[in-house]
Amino acid sequence: MDAKEREELFTSLYLDAYPGVARYIARQGGSMEEAKDIFQDAVVIYYERLSGKGLELKQTKEAYVFGIARHLWSKHTNNKRKELPAQDSATAAAPGTTPAMNILRMIENTGRKCLDLLHAFYYEQKNMKEVAETFGFSGERSATVQKYKCLEKIRDVVKEKALVYEDFAG
Amino acid sequence: MRTSLVEIQVIEAHLMAGKPLPAGEDMADKLHWQQQAYEVVQLYGRKQLKAELDTVHDKIFAGSAFWRFRRRIARYFH
């Protein structure tokens, strides 16, 4: 799916599926900002399933996204309940940040080209021929070699930075 | 392709297609960090999608074309 097709899909989901999600979250006592975040997370999951192994919907896409959103909202409220009320502000992560996000931010600054190449292959699931054309490689073979070089680079940075963000080391 | 890249290729074949993994004392470590690298790529992909979704959100919630829609959403929260 290209960017234009995604924009059309996202717009139609916003117009057709977002009202149901927003109404549900409002009734559960959530804010408009929470509704936006939950809805967007649900759409990302829907998109990944759609563009991955293929998704055979037994219901409308709006109902599917609503189902994911309801599940995410349940997780969200459970997590909120578990949060300690007096978290040490010196060690607490900023809202919405995780060690993995911090590592990603660092890699975005130093290895954006590699991230884009790996993203095209692993996330957008373009084949090697398309990757070679998009990134200007002479052929699939050299694009494949570059893909593994990039994976090695990202792996090494992640390993190095994970020592700083120990939670990510797992 | 140099040896370290072949090794990455072998680990990938193990993770994606269940191919056997050669024995090696630090193989579990390499496997772990390669999985983390895929996770970072996935996180990057999700971040890109969120940026595209934000653009659509702004188009709907800041433009003049969808005022009825916006009013309907705002009512849910009042």
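Residues numbered from 1 in each chain as written. Chains lettered and ligands numbered in written order. Predicted model: local features only at pLDDT ≥ 70, side-chain atom pairs only at ≥ 80, totals over all residues. Heavy atoms only, no water.

Caption draft 1: Representation of the overall build of chain A within the structure. Across its full length, chain A holds 8 helices and 0 strands. Intrachain contacts of chain A at a sequence separation of at least 6 include 58% that bridge at least 24 residues. Accessible surface for chain A amounts to roughly 9900 Å². Of this, 49% is attributable to carbon and sulfur atoms. (Helix = DSSP H or I, 4+ residues; strand = E, 2+ residues; numbered from the N terminus. Contact = heavy atoms within 4.5 Å. Areas by Shrake-Rupley, 256 points an atom, 1.4 Å probe, with all protein chains shown as cover.)

Caption draft 2: Expanded view of the confidence of the model for chain A. Residue and element names in this part refer to chain A. On average, residues of chain A score 86 in pLDDT, and 86% of them are at 70 or above. Put simply, helix α5 (residues 99–110) is where chain A has its lowest mean pLDDT, 84, and helix α2 (residues 18–27) is where it has its highest, 97. In this model residues 86–95 is a low-confidence stretch, pLDDT under 50, and it forms 1 contact with partners more than four residues away in sequence or in other chains. (pLDDT = per-residue confidence, 0-100.)

Caption draft 3: Looking closely at helix α4 (residues 61–82) of chain A. All names here are of chain A. When the terminal C-alpha atoms of α4 are compared, their 32 Å separation across 22 residues agrees well with the 32 Å that a helix rising 1.5 Å per residue should span. Turning to α4, its buried residues are E62, Y64, V65, I68, A69, L72, W73 and T77. Looking at the buried positions of α4, the neighbouring elements they touch are α1 (3–16), α2 and α3 (32–51). (Expected span 1.5 Å × (residues − 1). Buried < 20%, exposed > 50% of the residue type's maximum accessible area, 1.4 Å probe, protein only.)

Caption draft 4: Quick peek at the pattern of salt bridges. Under the counting rule described, the total for this entry stands at 18 salt bridges over all chains. With its nearest N and O atoms 3.7 Å apart, the salt bridge here joins E160(A) to K161(A). Given the relative accessible area of 47%, E160(A) is considered partly exposed. Connected through salt bridges with shared partners, the residues R6(A), E124(A), K126(A) and E52(B) form a single ionic network. (Salt bridge = Lys/Arg side-chain N within 4 Å of Asp/Glu carboxyl O.)

Caption draft 5: Focus on the state of the cysteines. All names here are of chain A. Scanning all chains against the criterion turns up 1 disulfide over all chains. Each sulfur in the disulfide pair C114 and C150 lies 2.2 Å from the other. Because the sign of the S-S torsion sets the handedness, a value of about -70° for the bond joining C114 and C150 places this disulfide among the left-handed ones. Of this pair, C114 sits in helix α6 (residues 112–123) while C150 is found in helix α8 (residues 140–162), placing the two residues 36 residues apart along the sequence. (Disulfide = S-S within 2.5 Å.)

Caption draft 6: Spatial organisation of the interface of chain B and chain A. Taken residue by residue, the interface counts 43 residues in chain B and 50 residues in chain A. On the chain B side of the interface with chain A, the three residues burying the most area are W33(B), Y44(B) and F77(B), jointly 16% of the side's total. Scanning the region where chain B abuts chain A turns up 9 salt bridges. Note that K50(B) is salt-bridged to D41(A), the shortest N-O span being 2.7 Å. The interface formed by chain B and chain A holds 16 residue pairs in polar contact (both at pLDDT 80 or more) in total. (Buried area = accessible area lost by both parts, 1.4 Å probe. Polar contact = N/O pair within 3.5 Å; in protein donor to acceptor, adjacent residues only side chain to side chain.)

Caption draft 7: The packing of α6(A) against α8(A), seen in detail. Residues and elements named next belong to chain A. Axis separation between α6 and α8 bottoms out at 9 Å; the angle between their running directions is 115°. Between α6 and α8 lies a crossing whose hand is left-handed. Of the residues in α8, those in contact with C114, L115, L117, L118, F121 and Y122 of α6 are Q146, K147, C150, L151, K153 and I154. Residue composition of the contact of α6 with α8, grouped by class: 9 nonpolar, 1 polar and 2 charged. (Axes fitted to C-alpha atoms, helices over the stretch in contact; angles between N-to-C directions. Left-handed = near helix turned anticlockwise from the far one by under 90°. Nonpolar A, V, L, I, M, F, W, Y, C, P; charged D, E, K, R; others polar.)

Caption draft 8: Molecular detail of the packing of aromatic side chains. Counted by the stated rule, this structure contains 11 aromatic pairs over all chains. A centroid spacing of 4.8 Å and a plane angle of 65° characterise the contact between Y14(A) and F39(A), whose relative ring orientation is edge-to-face. Here Y14(A), found in helix α1, pairs with F39(A), found in helix α3; they are 25 residues apart in sequence, far enough to count as distant. Side by side, Y14(A) and F39(A) carry an identical accessibility label, which is buried. Aromatic rings pair up to connect Y14(A), Y18(A), F39(A), F61(B) and F69(B) into one cluster. (Phe/Tyr/Trp six-rings, centres within 6.5 Å; stacked < 30°, edge-to-face > 60°.)

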